[in-house]
Every structure is written in C-alpha cells, then in structure tokens.
Protein chains: 2
Amino acid sequence: MSVVTIERKVLEKNDALAEKNRELFHQSSIFVLNMVSSPGSGKTSILERTLEFLNGKLKIAVIEGDVQTDFDAQRVAKFGVPVVQIVTHGGCHLDASLVQDALRSLDLNGIQLLIIENVGNLVCPSNYDLGEHMKVVVASTTEGDDKPLKYPAMFRNASILLVNKIDLVPYVNCSLSALKGNALCMNPALTIFETSCTTKQGIAEWCNWLEKQTADLQKKNQ
Amino acid sequence: MSVVTIERKVLEKNDALAEKNRELFHQSSIFVLNMVSSPGSGKTSILERTLEFLNGKLKIAVIEGDVQTDFDAQRVAKFGVPVVQIVTHGGCHLDASLVQDALRSLDLNGIQLLIIENVGNLVCPSNYDLGEHMKVVVASTTEGDDKPLKYPAMFRNASILLVNKIDLVPYVNCSLSALKGNALCMNPALTIFETSCTTKQGIAEWCNWLEKQTADLQKKNQ
C-alpha cells in the first residue's frame with residue numbers, strides 16, 4: 001500500500017468525521033471558524049482583540065491547536081471564555097478527530113461562535129476539513145506580498161483573509177495592493193479585512209462582520 | 001499497516017538517501033546548509049545578502065524548495081550562482097530524494113558551499129535529513145519570542161539560529177532576550193546570529209562564520 005493511498009484514506013476518514021462535527025454545529029446553531037496561518041502571523045492576538053470587542057455581545061468558545069505548550073489557551077482563558085487546548089506533540093495540523101475529542105470537553109450550551117485556532121502552518125492544515133463553516137487565513141504584512149502565490153492551497157480553501165500587522169507596512173518590504181491582488185488572483189471570492197492588533201485598526205469591522213454572520217446563522221436555523 | 005508504520009518507513013528510507021547525499025558532499029568537500037523557517041521569515045533575503053557579501057570569496061550553489069512558483073530561484077539566479085528550483089506541488093517539506101534529483105542538475109565542480117532553502121514550514125522539515133552538515137533555522141522578530149517553545153523540534157535539530165528582522169524590534173511585541181533564551185532552553189548548543197536584511201546588521205558576522213566553516217571543511221578533507 002503506497003503512501004499516497006494511505007494519505008487518501010486518511011483524508012476520506014477525516015472528511016467523514018468533519019461531517020459529524022458539522023452536524024453537531026448545525027444542531028447547536030454555532031458558527032464555526034478555522035483560523036490558519038504561518039507561525040507568528042498573529043492568530044492568537046486577533047483572537048484576543050476579537051474576544052475583547054465581542055465581550056457581552058456574543059457567547060464564544062475557543063479550541064486552540066499547538067504542536068507544543070498551552071500558552072495560547074492560557075492567553076485566551078483570561079477573557080473568561082471556555083477554551084480547550086489540543087497539543088499535537090509534533091503533528092503539523094488539526095484534524096476532525098482531534099476537534100471531536102476537544103468538543104467532548106467543551107460545554108457548547110448557549111455558544112454562538114466557536115473559533116478553532118489551527119497549528120501555525122501555511123501548508124498542511126489546508127487539506128483537513130474540521131467541520132467549520134469557513135477557513136480564515138491570516139497573512140501578516142511582515143511575511144511579504146508573495147505568500148498567496150507560494151502557498152496557493154491555503155488561500156484557495158479560505159473564505160476570509162485577514163491582512164494583519166497593517167501598522168508595520170511602513171517598515172517592511174510588502175505592497176498591500178500586491179498582497180491583496182495575489183490573494184484575489186488565487187481566490188476571487190475572498191473577503192478581505194485589514195487588521196492591526198497594536199492599533200486595533202480593522203478589529204471593529206472584522207468583529208461586526210462576525211456578529212452579522214452569527215446572527216444570520218441563528219435566523220436561518222430558527 | 002498503520003500510518004505511523006508507513007511514516008517510520010518513509011523516514012528510514014529518507015535517512016538512507018540522506019547518507020548518500022552526505023557521502024557525495026564529503027567527496028566533493030562541499031559545506032552544506034539546510035535553511036528552515038516559517039513562511040516569510042526572510043530565508044531568501046538572507047540568501048541574497050549572503051550571495052552579495054560572499055561574491056568572489058566562495059563558490060556557492062543553491063537549491064530552492066517551494067510548494068509552488070520559482071520566484072525564489074529567480075531572485076537567487078540574479079547573483080550569477082548555479083541554482084535549481086524544486087517545486088513540491090503541495091508537499092510540505094523537502095526530502096533527501098528530491099535533493100538527490102536536484103543535485104543531478106547542478107554542476108558541483110569547484111562548489112565550496114551549497115545552501116538548500118527548504119519549504120517555509122516550522123514543523124514538517126524538522127524530521128527530514130537532506131544530508132546537510134547543519135540545519136539553520138531563521139526566526140523573525142515579527143513572529144514573537146515564543147516560537148522556540150511552541151515549535152521545539154525545529155530548534156532542537158538546528159545548529160544555527162538566525163534571529164532576523166532585528167531592525168523591526170522597536171515596532172513589534174518581541175523581547176530579543178526572551179527569544180534567544182527560549183531557543184537556548186530548547187537547544188543550548190545553538191550558535192546565534194542577529195541579522196537584518198534591510199540594515200545589513202549581522203550579515204558580515206554570519207558570512208565570515210560561513211567562510212570559516214567552509215575553509216575548515218576543506219582543510220579537514222585535504
């Protein structure tokens with residue numbers, strides 16, 4: 001049996017489990033995001049600003065995925081939301097089975113929005129459906145404007161692009177129009193927000209959009 | 001046959017091929033580096049500054065690894081050095097077999113230093129020996145100071161750490177001493193250089209070290 005066959009079977013098994021997660025999210029009317037990016041693009045910082053902004057407006061839970069440490073879960077727990085840390089011990093991405101396990105430890109009662117922060121990796125998480133409604137890819141301006149062309153699968157499979165660290169544009173070699181153009185070239189359907197967790201630029205727009213998506217889902221499921 | 005068994009067999013096969021690459025490098029007295037990092041940490045920029053600084057001093061060849069595009073090979077080719085681009089078409093790391101293939105297209109005659117730039121990924125390349133003398137991990141200050149703790153395998157398996165984008169420290173939430181401390185906590189044997197491709201800080205020290213390593217290898221093999 002070849003490695004490729006094994007990989008296909010792994011993906012098929014994952015897709016079946018992702019469907020189960022999706023059913024659970026549908027029954028509970030929970031809007032679910034899968035946040036992906038390179039290491040250090042600012043996923044956890046965006047999560048912190050999001051939890052701060054939506055405090056009292058939405059009931060949110062978080063699943064954190066990391067190769068090692070529970071640092072991110074600790075950062076998120078400070079905002080008083082339910083959070084479960086998945087440590088992959090070397091694994092390069094989350095999968096639907098790991099999320100299913102994490103869901104057993106989460107009280108989803110009343111939760112309207114679940115944010116899953118994936119392992120920092122711009123390649124491997126792109127193939128693994130977790131049952132989410134949308135993938136959100138975070139690209140930091142410090143990574144340069146060519147990343148959508150060099151890592152196309154992640155940008156093709158995402159619905160949302162957060163261009164983060166927008167405050168650092170004056171200091172780095174990154175054209176914002178090229179970055180957004182390259183991303184739209186890979187995936188013309190991308191919705192793009194520009195954000196900075198330092199100046200909080202764009203955080204309100206992003207959170208208002210999240211609130212609307214969540215409300216729309218609740219209405220649809222009523 | 002389980003996925004874990006398949007993975008072990010893949011790694012064993014890779015290690016055997018890596019040994020063959022290593023023998024070739026030894027016979028040709030070529031010092032070989034495997035550069036690894038997150039996407040956008042500045043591996044290619046460091047390569048450009050290195051080729052510029054060592055122009056006329058060392059005979060260098062480059063192997064570029066990318067998921068998609070030959071952008072990096074094009075950037076490197078401008079410096080007049082032999083370069084081969086490996087496109088992995090979705091693959092998340094280079095392996096010894098891909099490098100073996102690339103070596104067939106490279107004229108190694110007279111080459112003293114070969115730099116292999118791996119796919120931007122802080123997880124998967126850590127397990128794959130390419131036959132190199134040393135792994136060089138690049139960590140950008142914009143990624144924050146916790147990455148060595150969150151992605152330990154890469155820092156444990158590397159011999160050199162380049163702390164890059166040192167010029168951006170005033171604008172980002174990153175303590176240099178914490179970043180270096182965390183890296184040394186994972187791997188006390190790491191040699192650390194601080195670099196900036198914008199101000200060229202640290203490039204001379206890094207290149208002088210490279211020149212010395214290459215000269216030492218040539219002497220040892222005489």
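Above: the structure in question.
To start, this report covers the structure provided alongside it. (Residues numbered from 1 in each chain as written. Chains lettered and ligands numbered in written order. Predicted model: local features only at pLDDT ≥ 70, side-chain atom pairs only at ≥ 80, totals over all residues. Heavy atoms only, no water.)

### A word on the sheet that holds strand β1 (residues 31-37) of chain A
Sheet strands pair via backbone hydrogen bonds, and the direction of the pair is either parallel or antiparallel.
All names here are of chain A.
Right, so step 1: Judged by pairing direction, the sheet is parallel, and its seven strands sit side by side in the order β3-β2-β4-β1-β5-β6-β7 without closing on themselves. Because the sheet does not close on itself, it has two edges, and the strands there are β3 (83-87) and β7 (191-194). Neighbouring strand axes in the sheet, compared pairwise and without regard to direction, differ in orientation by 20° on average.
Right, so step 2: By the bridge criterion, five bridges tie β1 to strand β4 (residues 113-117) in an arrangement that is parallel. Bridge pairing links M35 to E117 in β4. (Pairing = 2+ DSSP bridges. Helix = DSSP H or I, 4+ residues; strand = E, 2+ residues; numbered from the N terminus. Axes fitted to C-alpha atoms, helices over the stretch in contact; angles between N-to-C directions.)

### A few points about the interface of chain B and chain A
Right, so step 1: Between chain B and chain A, the residue contacts involve 34 residues of the former and 34 residues of the latter.
Right, so step 2: Interface area for chain B against chain A, summed over the two sides, is near 2,600 Å², with a carbon-plus-sulfur share of 67%.
Right, so step 3: For the chain B face of the interface with chain A, the top three residues by lost area are P39, K150 and Y171 of chain B, together amounting to 21%.
Right, so step 4: Linking chain B to chain A there are four salt bridges.
Right, so step 5: Ionic pairing is found between D72 of chain A and K150 of chain B, a salt bridge with its closest N-O pair at 2.7 Å.
Right, so step 6: Counting residues per element, the ones that place at least two in the side of chain B that touches chain A are α1 (3-27), α3 (71-77) and α5 (147-150) of chain B.
Right, so step 7: The residue makeup of the side of chain B that touches chain A, split by class, is 18 nonpolar, nine polar and seven charged. (Contact = heavy atoms within 4.5 Å. Buried area = accessible area lost by both parts, 1.4 Å probe. Salt bridge = Lys/Arg side-chain N within 4 Å of Asp/Glu carboxyl O. Nonpolar A, V, L, I, M, F, W, Y, C, P; charged D, E, K, R; others polar.)

### A short note on the relation of the copies chain B and chain A
Right, so step 1: Between chain B and chain A, the superposition needs a rotation of 180° and an axial shift of 0.0 Å, giving an RMSD of 0.0 Å. Taken together, the rotation and translation relating the two chain copies correspond to the operation of a two-fold axis.
Right, so step 2: Most of the interface of chain B is mirrored in chain A: 100% of its interface residues are interface residues there too. (Least-squares fit on C-alpha atoms with pLDDT ≥ 70 in both.)

### Quick notes on the packing of aromatic side chains
Right, so step 1: Following the criterion strictly, the structure yields seven aromatic pairs over all chains and no others.
Right, so step 2: Look at W206 of chain A and W209 of chain A: their rings are 5.9 Å apart centre to centre, the planes differ by 15°, and that puts the pair in the stacked class. Here W206 of chain A and its partner W209 of chain A are both found in helix α8 (residues 203-221), three residues apart, which amounts to about one turn of the helix. Summarising the burial analysis for this pair, W206 of chain A and W209 of chain A share the class buried.
Right, so step 3: With a centroid separation of 5.9 Å and 70° between ring planes, the pair formed by F193 of chain B and W206 of chain B is classed as edge-to-face. (Phe/Tyr/Trp six-rings, centres within 6.5 Å; stacked < 30°, edge-to-face > 60°. Buried < 20%, exposed > 50% of the residue type's maximum accessible area, 1.4 Å probe, protein only.)

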